[in-house]
Amino acid sequence: MAKKKSTKRTPKTRASSPSLSHLDAHGRAAMVDVGAKPLTQRRAVAEARVQISPALAERIAHNTLAKGDLLAVARLAGIQAAKRTDELIPLCHSLPLDSIDVRAELRTDHVYLWAEAKVTARTGVEMEALTAVSIAALTVVDMGKSIDRTMTIEGVRLLEKEGGRSGHFRAAAIAPKHVKRAGA
């Protein structure tokens, strides 16, 4: 029987692999110490889409869903989620958000979700913006599932970030895709 190769990280393997900021000296996941970093203004913007059926789009447009105003509830869910990001993502720092703006808009065949998070802190606010659109998207699905079981969440991504050591980032534009969905 062949001897199983060890996957345990040793000082030798650690030295030969790239530095991973979220691992301690023993190779275990650990929160990064940001205490020595300066406070800077940081901003992040994220987006997501929930593809929906024409029947659900009509119900959203006329605000006739049994659970209430889908767009307003999705927006509020995104705001609430951004404020609790550190409780959802294990190695994420708690951040005192300066602001979080979440938008939920009905488009022809989807609900478009957008969030902008701002903070003055030692670490970035990207996860808060991404969490906001992700939970807002899940809220759209929860509120619309009695009408449309074929909904899909798509395009969750960071659009822009500013501040911190890595500077400014802006994602490339994505051309819209036109896909015919089952039941649409």
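Each value, and the rule that gives it
In this convention, every chain numbers its residues from 1, walking through the sequence in written order. Local features in this predicted model are restricted to residues of pLDDT 70 or higher, and side-chain atom pairs are both shown and tallied only at a pLDDT of 80 or more, whereas totals for entire chains, interfaces and linings draw on every residue. The side-chain figures draw on all heavy atoms in the structure; neither hydrogens nor water molecules are used. Here a strand is any run of E in DSSP of at least two residues, a helix any run of H or I of at least four, and the numbering for each starts at the N terminus. Exposure categories follow from relative accessible area, calculated using a 1.4 Å probe and restricted to protein chains: below 20% of the type maximum is buried, above 50% is exposed, and the middle band is partly exposed. Contacts between residues were defined by any pair of non-hydrogen atoms, one from each residue, lying within 4.5 Å. Here the accessible surface of atoms and residues is derived via Shrake-Rupley with a 1.4 Å probe, and residues count as covered only by protein chains that are part of the display. Side-chain atoms alone can form a polar contact between residues adjacent in sequence; in general such a contact is a pair of N or O atoms within 3.5 Å, and within protein one must be able to donate a hydrogen while the other accepts it. The salt bridge definition used is simple: a Lys or Arg side-chain nitrogen within 4 Å of an Asp or Glu carboxyl oxygen. To pair, rings of Phe, Tyr and Trp, with the six-membered ring standing in for Trp, must have centres within 6.5 Å; the planes then decide the type, stacked if under 30 degrees apart, edge-to-face if over 60, and tilted in the middle. Placement of a charge over a ring requires the Lys NZ or Arg CZ to be within 6 Å of the ring centre, with the centre-to-atom vector within 35 degrees of the ring normal. A helix is expected to span 1.5 Å multiplied by its residue count minus one. We call a set of buried residues a nonpolar core when its members are Ala, Val, Leu, Ile, Met, Phe, Trp, Tyr or Cys and they connect through side-chain atoms within 4.5 Å of each other. Only strands that DSSP links by at least two bridges are regarded as paired with each other.

Novice: Would you mind showing me how to read the overall build of the chain here?
Specialist: Scanning the chain from terminus to terminus reveals five helices and five strands. Element order for the chain, N to C, with α for helix and β for strand: α-β-α-α-α-β-β-α-β-β. Put simply, the chain has 184 residues, and 35% of those count as buried. Look at the contacts in the chain between residues 6 or more apart in sequence, and 68% of them connect residues 24 or more apart. As presented, the chain carries roughly 11600 Å² of accessible surface, and 56% of it is formed by carbon and sulfur atoms.

Novice: What exactly am I supposed to notice about the side chain of Glu160 here?
Specialist: Topologically, Glu160 is positioned in strand E4 (residues 152-162). Within polar-contact distance, the side chain of Glu160 engages the side chain of His168 at 2.7 Å. Apart from the residues lying within four places of it in its own chain, the contact partners of Glu160 are Arg43, Ala44, Val45, His168, Phe169 and Arg170.

Novice: I keep staring at the pattern of salt bridges and nothing clicks. Help me out?
Specialist: Under the definition given, this model contains 11 salt bridges. The partner of Glu160 in a salt bridge is Arg170, and the shortest N-O contact between them spans 2.9 Å. Of this pair, Glu160 sits in strand E4 while Arg170 sits in strand E5 (residues 169-170); the two residues are 10 residues apart in sequence, bridging distant segments of the chain. By relative accessible area, which is 12% here, Glu160 ends up buried.

Novice: Help me understand the packing of aromatic side chains, please; the structure alone is not making it clear to me.
Specialist: For any pair of aromatic rings, geometry is given as the distance between the ring centres together with the angle between the planes. Considering all chains together, one arrives at zero aromatic pairs under this definition. Note that Arg107 overlies the ring of Tyr112, its terminal NZ or CZ placed 4.4 Å from the centroid.

Novice: I would appreciate a short explanation of helix H3 (residues 70-83) in the present structure.
Specialist: Each turn of an α-helix holds 3.6 residues, which means side chains three or four residues apart point in the same direction. Look at H3: 20 Å from first C-alpha to last across 14 residues, which is about the 20 Å you get at 1.5 Å a residue. For H3, the complete set of buried residues consists of Leu70, Ala74, Ala77, Gly78, Ile79, Ala81 and Ala82. Buried positions along H3 lie against helix H2 (54-61), helix H4 (85-88), strand E2 (99-106), strand E3 (110-121) and helix H5 (126-144). Two or three places before Leu71, at the start of H3, stands the capping residue Asp69, its side-chain oxygen 3.3 Å from that residue's backbone nitrogen.

Novice: Would you mind showing me how to read the environment of Ala129 here?
Specialist: Relative to the elements of secondary structure, Ala129 occurs in helix H5. When its relative accessible area of 0% is taken as the criterion, Ala129 is described as buried. The sequence separation of Ala129 and Ala82 amounts to 47 residues, and the corresponding C-alpha distance is 6.5 Å. Setting aside anything within four residues of it in sequence, one finds Ala129 in contact with Ala44, Val45, Ala46, Ala115 and Ala117.

Novice: Explain the nonpolar core to me, please; I cannot follow it from the model alone.
Specialist: One broad rule of soluble globular proteins: the nonpolar side chains tend to lie buried together. Grouped together as the largest cluster of nonpolar side chains are 34 residues, with contacts concentrated most on Ile52, Ile100 and Leu113. Mapped by element, the contributors of at least two residues to this core are strand E1 (40-51), H2, H3, E2, E3 and H5. Of all the elements, H5 adds the most residues to this core, at eight residues. When residues no more than four places from it in sequence are discounted, the contact partners of Ile100 are Ile79, Ala82, Ala115, Glu116, Ala117 and Ala132.

Novice: Would you mind showing me how to read the sheet that holds E2 here?
Specialist: Within a sheet, neighbouring strands are paired by backbone hydrogen bonds and run either parallel or antiparallel to one another. Strand order in this open sheet of five strands is E2-E3-E1-E4-E5, and the pairing throughout is antiparallel. Each edge of the sheet is formed by a strand with only one pairing partner; in this case those strands are E2 and E5. In this structure, E1 lies alongside E3, joined through 12 bridges in antiparallel fashion. From the neighbouring strand, Thr40 faces E3, where its bridge partner is Ala121.

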